[in-house]
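Per-entry structural report
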Amino acid sequence: MNDAAARNFEYLAYGLSAVWVILVIYVLTLVSREGKIRAQIESLKRMVEDREKH
Amino acid sequence: MKQKILIGLGVLAAALLVRNIWTMLTQLPDEEFQGAIFRIIFFHVPAAFTAFACFFAALVSGIAYLSTQNLKCDAFSVSVTEVGLAFGAANLVTGMIWARIIWGIWWTWDWRLTSMLICWLLYAGYLVLRRAVEEPTERARLSAVMSILSFTVVPFVFFSIKWFRTQHPQPVLYGQGRMDANYRAMLFGNWVPLLLFAVVLIAVRMRQERRQRELDALRREVHAF
């Protein structure tokens, strides 16, 4: 394989990786947001239950 | 049940993608003039199509919100816009990598590239606008208007290569354009798993919007004590 062809494959690999990196970053953002919302809901539910008891 | 359908769709998308990547790397021949890098088109174009489909869905749900004032339309609108932005980013980045090899530059301010960047920034602005407005109905109304206005750029992005002389290649999928039947089949074949993946992401994002509303209701309840 000559230099130009090797460079072509190298950049193709960068391109395919870039698509996955972007989508994985977005998925991780969703997962992190989901965790935060869930934690806040749990905390507020506990707070409401505590106030109802007292 | 819904969760299982989403997982099923995700697995199907992953399986199709693996099969497509295998086929495009081992079965399809190199393009005559561009060589191996041409294969990037199988992600570059479907990513743009997916982004545009999402932006169109945001337009429809924006109009639906303005006519019904149903907050579910607003939740759908923000979900599809966010997912559309992710695929739009994939389109821009793969385009830059392709340009670096074929044109020798990462970026040029031609009609297609510039209009796509402006389109992406407008929809990113939509998300910024949502963060700036606290009141849910006001936020939904302004966001719907912003979404409708932003979509006016999409046809311009799509047809810019037909209307203007650009460094970006002329259309190969419509008009005078020609593309080998095997390449065309792979391009549309790879759009299917990307769309499936987008549907899964939109559904997950919609669920978060529902949880966010639940959270807002709980906050109001706590403050009411």
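In short, a report on the structure. (Residues numbered from 1 in each chain as written. Chains lettered and ligands numbered in written order. Predicted model: local features only at pLDDT ≥ 70, side-chain atom pairs only at ≥ 80, totals over all residues.)

**Overview of the overall build of chain B**
Helix and strand content of chain B: seven helices and zero strands. When its helices and strands are written in sequence order, chain B yields α-α-α-α-α-α-α. Taking the principal axes of its C-alpha atoms as reference, chain B extends roughly 70 × 40 × 30 Å. Looking at chain B as a whole, 36% of its 225 residues are labelled buried. Once local pairs closer than 6 in sequence are excluded, the contacts in chain B between residues at least 24 apart make up 77%. (Helix = DSSP H or I, 4+ residues; strand = E, 2+ residues; numbered from the N terminus. Buried ≥ 20, exposed ≤ 12 C-beta atoms within 10 Å, placed from the backbone. Contact = placed C-beta atoms within 7 Å.)

**Considerations on unusual backbone geometry**
Among all residues except glycine, the phi angle is most often negative; among peptide bonds, the trans geometry is most common. Residues and elements named next belong to chain B. With a phi close to 60 degrees, Gln 69 is a non-glycine residue in the positive phi region. Among the secondary structure elements, Gln 69 is positioned in the loop between α2 (41-68) and α3 (71-102). Look at Gln 69 and you get partly exposed, because 13 C-beta atoms sit within 10 Å.

**With respect to the nonpolar core**
Among the nonpolar cores identified, the biggest contains 54 residues, and Ile 40, Ala 47, Cys 54, Phe 55, Ala 86, Phe 87 and Ala 90 of chain B are the most heavily contacted of them. Mapped onto this core, the elements with two or more residues apiece are α1 (3-53) of chain A together with α2, α3, α4 (111-132), α5 (136-151), α6 (153-163) and α7 (181-224) of chain B. Examining the composition of this core, we find that 14 residues originate from one element, α3 of chain B, more than from any other. The residues touching Phe 55 of chain B, leaving out its near neighbours within four places in the chain, are Gly 84, Tyr 123, Phe 151 and Val 154 of chain B. (Core = buried A, V, L, I, M, F, W, Y, C linked by C-beta atoms within 7 Å.)

**Observations concerning the interface of chain A and chain B**
Think of interface size as the accessible area that goes away when the parts come together; that is how it is often given. Taken residue by residue, the interface counts 25 residues in chain A and 28 residues in chain B. Residue classes in the side of chain A that touches chain B are distributed as 17 nonpolar, three polar and five charged. (Nonpolar A, V, L, I, M, F, W, Y, C, P; charged D, E, K, R; others polar.)

**Brief notes about α3 of chain B**
All names here are of chain B. Over its 32 residues, α3 runs 46 Å from end to end, which matches the ideal 46 Å to within 8%, given 1.5 Å per residue. Counting buried positions along α3 yields 24 of 32 residues, so the element is predominantly enclosed. Of the residues trailing α3, Gly 104 is marked for its positive phi of about 80 degrees. (Expected span 1.5 Å × (residues − 1).)

**Re the packing of helix α1 (residues 2-26) of chain B against α7 of chain B**
Residues and elements named next belong to chain B. At a minimum axis distance of 9 Å, the contact between α1 and α7 shows a crossing angle of 155 degrees. Taken together, the axes of α1 and α7 are roughly antiparallel relative to one another. As for how α1 packs across α7, the hand of that crossing is left-handed. In contact with Leu 6, Leu 9, Gly 10, Leu 12, Ala 13, Leu 16, Leu 17, Asn 20, Thr 23 and Met 24 of α1, α7 contributes Met 186, Gly 189, Asn 190, Val 192, Pro 193, Leu 196, Phe 197, Val 199, Val 200 and Ala 203. When the residues that make up the contact of α1 with α7 are grouped by side-chain class, the tally is 15 nonpolar, five polar and no charged. (Axes fitted to C-alpha atoms, helices over the stretch in contact; angles between N-to-C directions. Parallel < 35°, antiparallel > 145°, perpendicular 65-115°, else oblique. Left-handed = near helix turned anticlockwise from the far one by under 90°.)

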